[in-house]
Amino acid sequence: MIANKNGTPTNKNHSLEETGSELREKIWLDAWYDPLANITASSSCMTFCDVNGDGDHKFVVASSSANPLINGGSTGLPINKMRVYKGTQVVNESVILEEPVAVCSYYSDLKMPRKSIIAVGCGSFVFLYRNLQPFFKFTIPPIVIDPDELAIWAKLGSGKYDEKTGYDELFKLRDLNKQLSIRSYELLSLTEREEIKNLINQRKNTPLNTQNILTCMTVLKKDKDEVDAIGCLVLGTESKAVMILDPSGSSVLKKFQLQNVPVFMVTHGAYDNDYRVIIACRNGSIYTLKGDDISGVVIELDSQPCGMLRIEKSIVVGTMNCVLHYYHTRGKKQYSVYLPSNIKNMELLDMKAQRNVKCVIAFLENNELRIYNGKTLIHTIATVDQVVGMCFGIYGTEPNVLALSYRNGGVEFKMVSRVAKLENTGKGGPPPEQEIPLKLPTRTKIYMEQTEREKEHATDMHRVFQKELCKLRLTTARAYVKILTDGQGPVSQSNHMTGGSIRLNATVSGLGPLFKIRMTITNTGQKAITRIPVVFIYNQQIYLMKQSIIEIPALIPQVQYKMGYDVLQIDETAGSDSIRILLCTPQSAIPVITAVVNMPLTDALVGSVPQTAMGQQR
Amino acid sequence: MGSVLSSGKKKKVKIVCCGLDNSGKTTIINSLKAKKAQVADVTPTVGFSVEEFEKENLLFSVFDMSGQGKFRNLWESFYDDINAVVFVIDAADRVRMTVAKNELDLLLEKEKKNIPILFFANKQDIQGSLSAQECSDVMGLGEIKDRSFNIVGTNALKNTGIDVGVKWLSGELNKKQ
């Protein structure tokens, strides 16, 4: 009783500890899932921000109309829209004219209450919203067209050049590595003279201008690197340029011309002090902007980037060959994590309140949402559908919320549990087995001699071993072939005679002198077999059977046939013998299968023994 | 001074009041206090505050905890020394119901004395808020087997429902001792 009393509480404690660890193992709390939200937005088109300046953060999402899986509005036509969520409710929805590229939120001034501005980038414009009302439009300056190209098109327009000369002139310009307009590239891509002529006739009288398209947008803090500091928009464009705007969004503070089209940008520091803008380009190079210059350090990735994040002083780049690369912001490679599937989306898990952990959330093509802390995989869950975008931040007043946009148009909010175990618990580096020392034999004299001999005769020993191994294999193979051809085994191999393979299992039951042989025959082949003779071979002085040859009319594939035959032991003094069962085919004398049944001793003689009989049953 | 003298005979109980931020903990406690001691406007609690009041012949001393994420780890440091828990749920905040459930699970795991818990499904006045029964379902209260609990729908601003809950709690506390 005492032991019992002592035992119970400890058990209880143990189970409590277990539930505790269970709570810590669980990272994501499923807060809200709306499968009918009808929006799809990439990671760059979502943000959490304090629109009204009351500390209640809303979820702002710009939904694209390009997804064929989601329905349009009341008109039935798909529309691009910006939605603002508060709790589970949509508090605002407005139409965006073009496909959204990116949504950012930042503070443009220090006025109280601090209301953040929402910047929606689409096409060649950035729309700024204050109090959820559009109040300013920034137009990205158009691409400057080469004067030579303009001259060629002017001559084409006035008819001074025919299509052949115009084409050749443009060709020459392209060979000089001049940046041409899209119209000229289109022309140069044509080969048929008729097509070239048509294109020129269609376009020659419209003015040649090339809009500059936004590719990515982010926010760089202006005077100090804090959450509520004033920010500047940083725009990346299709013309391979990066622009830093002033906080009001009305003018360009700095412009940089890169060699490639920027697609992902992260910022570090503040514009007025020491800042860096790290830019991943479509071709896989990563540039760093610092002060007035483009830094000389260029990271060349082994594949195209599909996401980039910054964790303190390191940047994490996900590439299209399923790798997460970690680099120092100065460009030095730290390590890589190889993932089992394509990376579809990446987001930074920046744990706020109480503790400060930064992890990478990666969504993979196999519907796994993974969390990595450095090199270590912390957590994996499966999602209901493909995630097209995700965003981590403060929602309402709750920090650490992840918003997910699904391909089916659904939206989900997940929250990180306060006690979630995100820290890197497992020791990195080599597996623990490596630390266990090998059991080396002691260096005795015999051992030393043995080693010496092995060193001297290594080749011979190896050769002998190989020879023996070969012989063993040959013997095995021969024995195997013999069994197959003799029909001695319990399972026959498929051959031309039967057209299928047969399995035979025979057992004996009874205490004697009357026994029963029970056979189970299965045709494991594909075809049915007919007229199969079965022969029992036994010592006729000891045993008696009604029929020693029977014929099974047919064996249908995959059906178990069970049969029983009586055997009478006529000479009760003769001990026991075995009976061989041969299963043959009408075409051949060689049996297909053989089974041997060891008959038990008759009970009357030995006196004991149902056990013996049972024991010898096969 | 009179209250101090009379309180000498009364039984003292310590309770902790927890729940997510902006669920109405301080407002509920405020409405339980004597009219004179009530505060006009309630601001978010930082850390925790201690309030005392008399109800149902008991002298309550309440630890009003802050519900903000960064202070929630303070809750558990009070579990050793209390007679009951008051857990306030914001019935209008559907998104964070799962967070409240998570915090409750942690509470149930850490608090091992099986003391009674009183749940307030607050903000019943807001349209679309969950009823006490719905809150109970979402929070999985049916799974609590090792202690007594009760859930009451309240509106702390209008002071409705709170007395029902406190009456139940006093009954439980008197039964225990």
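Please refer to the structure higher up on the page.
Residues numbered from 1 in each chain as written. Chains lettered and ligands numbered in written order. Predicted model: local features only at pLDDT ≥ 70, side-chain atom pairs only at ≥ 80, totals over all residues. Heavy atoms only, no water.

### Considering the overall build of chain A
The cut-off we apply is this: The helix count covers DSSP runs of H or I at least four residues long, the strand count covers runs of E at least two residues long, and both are numbered beginning at the N terminus. Burial here depends on accessible area, computed with a 1.4 Å probe over protein chains only, as a share of the maximum for the residue type. Under 20% is buried, over 50% is exposed, and the range in between is partly exposed. Contact criterion: two residues are considered in contact whenever any of their non-hydrogen atoms come within 4.5 Å of each other. Under the convention used here, a 1.4 Å probe and the Shrake-Rupley method define accessible areas, while residue burial counts only the protein chains that appear.
Along its length, chain A carries nine helices and 37 strands. Out of the 618 residues in chain A, the part that is buried amounts to 45%. Residue pairs in contact within chain A that sit at least 24 positions apart in sequence constitute 51% of those at least 6 positions apart. Summed over its atoms, the accessible surface of chain A is roughly 33000 Å², and 54% of this surface lies on carbon and sulfur atoms.

### Regarding the environment of M545 of chain A
All names here are of chain A. Among the structural elements, M545 can be located in the loop between β33 (543–544) and β34 (549–555). The exposure class assigned to M545 is buried, which follows from its relative accessible area of 8%. Between the alpha carbons of M545 and L568 there is a distance of 6.5 Å; along the sequence they are 23 residues apart.

### Some remarks on the nonpolar core
Test applied: Nine residue types can take part in a nonpolar core, namely buried Ala, Val, Leu, Ile, Met, Phe, Trp, Tyr and Cys, and a core is a set of them joined through side-chain atoms within 4.5 Å.
Of all hydrophobic cores here, the largest spans 64 residues; its most connected members are F59, I118 and F413 of chain A together with F87 and F119 of chain B. Counting residues per element, this core draws most heavily on helix α3 (residues 97–110) of chain B, at six residues. Setting aside residues up to four positions removed in sequence, F87 of chain B forms contacts with C18, G19, W75, A100, E103, L104, L107, I117, L118, F119, F120 and M139 of chain B.

### Quick notes on the sheet that holds strand β31 (residues 514–523) of chain A
Just so we agree on the cut-off: Any two strands with at least two DSSP-identified bridges between them are counted as paired.
One open sheet holds the four strands; their spatial order is β30-β31-β35-β33 (chain A), and the pairing between them is antiparallel. Either end of the sheet is taken by a strand with one partner, and the two such strands are β30 (502–509) and β33 of chain A.

### A word on the interface of chain B and chain A
Accessible area lost upon the coming together of the parts serves often as the stated size of an interface. Condition: The buried area of a pairing is the accessible area, by a 1.4 Å probe, that goes missing from both parts when the two are put together, added over both. Any carboxyl oxygen of Asp or Glu that lies within 4 Å of a side-chain nitrogen of Lys or Arg is treated as forming a salt bridge with it. Think of a polar contact as two N or O atoms within 3.5 Å of one another; within protein, one of them needs to be a possible hydrogen donor and the other a possible acceptor, and neighboring residues in sequence only count if both atoms come from side chains. Residue type decides the class: Asp, Glu, Lys and Arg count as charged, Ala, Val, Leu, Ile, Met, Phe, Trp, Tyr, Cys and Pro as nonpolar, and the leftover types, Gly among them, as polar.
Taken together, the 17 residues of chain B in the interface contact 20 residues of chain A. Carbon and sulfur atoms supply 58% of the area that chain B and chain A bury against each other, a total of about 1700 Å² over both sides. Joining chain B to chain A, the criterion identifies three salt bridges. Measuring nitrogen to oxygen at the nearest pair gives 2.8 Å for the salt bridge that ties E398 of chain A to R96 of chain B. Counting across the interface, chain B meets chain A through five residue pairs in polar contact (both at pLDDT 80 or more). Residue classes in the side of chain B that touches chain A are distributed as four nonpolar, four polar and nine charged.

### Things to note about the pattern of salt bridges
For side chains bearing opposite charge, pairing can occur when the charged atoms are close. Evaluation of the coordinates by the stated rule reveals 37 salt bridges over all chains. A salt bridge links D56 of chain A to K58 of chain A; its shortest N-O distance comes to 3.7 Å. K58 of chain A matches D56 of chain A in its accessibility class, with the two residues each being buried. Note that R203 of chain A and E186 of chain A form a salt bridge whose closest N and O atoms lie 3.3 Å from each other. With R203 of chain A in helix α5 (residues 193–203) and E186 of chain A in helix α4 (residues 182–189), this pair connects stretches of sequence that are 17 residues apart. Look at E186 of chain A and you get partly exposed, because its relative accessible area is 33%. One salt-bridge network, held together by shared partners, links E398 and R418 of chain A together with D21, R72, D93, R96 and E103 of chain B.

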